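Take a look at the letters that make up each chain.
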Amino acid sequence: MNVLIKLFVFNGGAPFSMREYQRVLMNANHKSIVCGNMIAGQEQKNVFMSDTPCYHIDVCNERSPISIVKTALSMFRLMKNNKVQMLLSPSRNDFGACYAVCKATGAAFLPIIPGGSISSCAKNLLSVRKEQFICFSYENKDSLIENGIAEDNIHVISNRIQVKQDISWREHYAKKGVGEPLNLLLVSRLDHEHRTGILALMDRIAEYDGQLLLKVAGDGECAEELIGYAEAINKRKKVISFLGFIKEIEPILLEADIVIGKGRSVIMPVMMNRIGFVLGYDGGISVCNEENFNELYWSNFSGRKASNSLDDEQFLELCQRIRRDSDYVASFGRVFERMRKAYSTEELADKLMPIVKKLMKQNSTVKYGLFQKYKTVWYAFGVYLKWLCTMVYSKLKV
């Protein structure tokens, strides 16, 4: 079977997660091709298997009927040329176009909700509610149920990360001297969505007078502004440095004492035996410990609705405790194990393949003729009209 993986863009955490899905499919003798917007991140094409065909498709504006039609037809051509039988996508922006082409051709569609909020367009694809869904968090499962998706069709599969753990992590933390500053690493996109949280973190670091040193790994449209903000802080004492985009992040993670981020950016280092903090979009910060684990896991470690956010004094005190209290550091070993159990790829195949097999039985006949091409356009416009009618109705109702 040939599978098309539709990304939003070729950067961020999605390509790495989908690479693990690709491994599982390949081990079951299924071939994959990948498409998405390459302009924003061509450097990450090679996260997939070396012989994987990767194609550029413009970003889909889910509120534009023309954009939905163009994206659906682009995928139709790719799927026809590669004899695709199944479409798998973690891109909520593309769900409308994906649904249209699969509905028209008979190809199986497996939508994946990788975290975050579900857009109004995705919510209103009511016809998709008969499909199987994969989501990375129970937050998204609850949201799907609220929007009419049958619970039996929703599968929470967080297992998507493969790492090598640092078995000498206790020695790493034992080396920290009493007066030695802790090394913090923030891994994040430097974009408008994360800007507020990053500025708040840098303000915290500035107040601690060199007790904590922060490195920032990542890039984005707000990089210049954030670097300028850090330079102003560093005039008094250099405590913040920017590393830019790091292709091989694992060695940098292991150099840090504390890693800060959200989603995959904090999950991965904790799996590798580094203490992690979740940085919320609003600047709130929560430690990944046993007390907070279930709450943070519910939202895929995004920090949304986190109730145990630390103030400036609590954050510094906890960091100092990590430096001086070996028993406290040792308690994080249980958190490291829980994170690996929740996110390791070792259990991915057992969870994913039954869903794939079920979908293929339901969608055994796939056609890519001229009639199916016209149907793709028809269904794409239908997706837009359904969303538009729902939005108009909701505003009139108010």
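Residues numbered from 1 in each chain as written. Predicted model: local features only at pLDDT ≥ 70, side-chain atom pairs only at ≥ 80, totals over all residues. Heavy atoms only, no water.

Peer 1: Can you tell me about the nonpolar core, naming the residues and giving the values?
Peer 2: By size, the foremost hydrophobic cluster in this structure holds 65 residues, and its most contacted members are I260, F277, F301 and F315. Here this core gets eight residues from one element, more than from any other, and that element is helix 13 (residues 326–343). Setting aside chain neighbours within four positions, we find F301 in contact with K262, G263, V266, I267, V278, C288, F293, L296, M339 and Y343. Listed in part, the 36 residues of the second largest apolar core include C98, F133, I149 and A380. (Core = buried A, V, L, I, M, F, W, Y, C linked by side-chain atoms within 4.5 Å. Buried < 20%, exposed > 50% of the residue type's maximum accessible area, 1.4 Å probe, protein only. Helix = DSSP H or I, 4+ residues; strand = E, 2+ residues; numbered from the N terminus. Contact = heavy atoms within 4.5 Å.)

Peer 1: An account of the sheet that holds strand 9 (residues 212–217) is requested, with residue identities and associated values reported.
Peer 2: The strand order across the open sheet built from six strands is 10-9-8-11-12-13, with neighbouring strands paired in mixed fashion. Strands at the two margins of the open sheet, each flanked by one partner only, are strand 10 (240–244) and strand 13 (285–287). In this sheet, neighbouring strand axes are inclined to one another by 25° on average, regardless of whether the strands run parallel or antiparallel. Relative to strand 9, strand 8 (residues 182–187) runs parallel, the two being bridged by six bridges. The partner of N183 across the bridge, within strand 9, is L213. (Pairing = 2+ DSSP bridges. Axes fitted to C-alpha atoms, helices over the stretch in contact; angles between N-to-C directions.)

Peer 1: Would you mind going over the sheet that holds strand 5 (residues 108–113) in detail, with residue names and values included?
Peer 2: On the basis of which strands lie adjacent, the open sheet formed by seven strands has the order 3-2-1-4-5-6-7 and parallel pairing. The open sheet is flanked by strand 3 (54–56) and strand 7 (154–156), the only strands paired with a single partner. Direction aside, neighbouring strands of the sheet carry axes that sit 20° apart on average. With four bridges connecting them, strand 4 (residues 86–89) and strand 5 associate as parallel partners. Bridged to S89 within strand 5 is P111. Contacting strand 1 (2–9), strand 2 (31–37), strand 3 and strand 4, helix 2 (residues 65–81) crosses the sheet at an angle of about 150° to strand 1.

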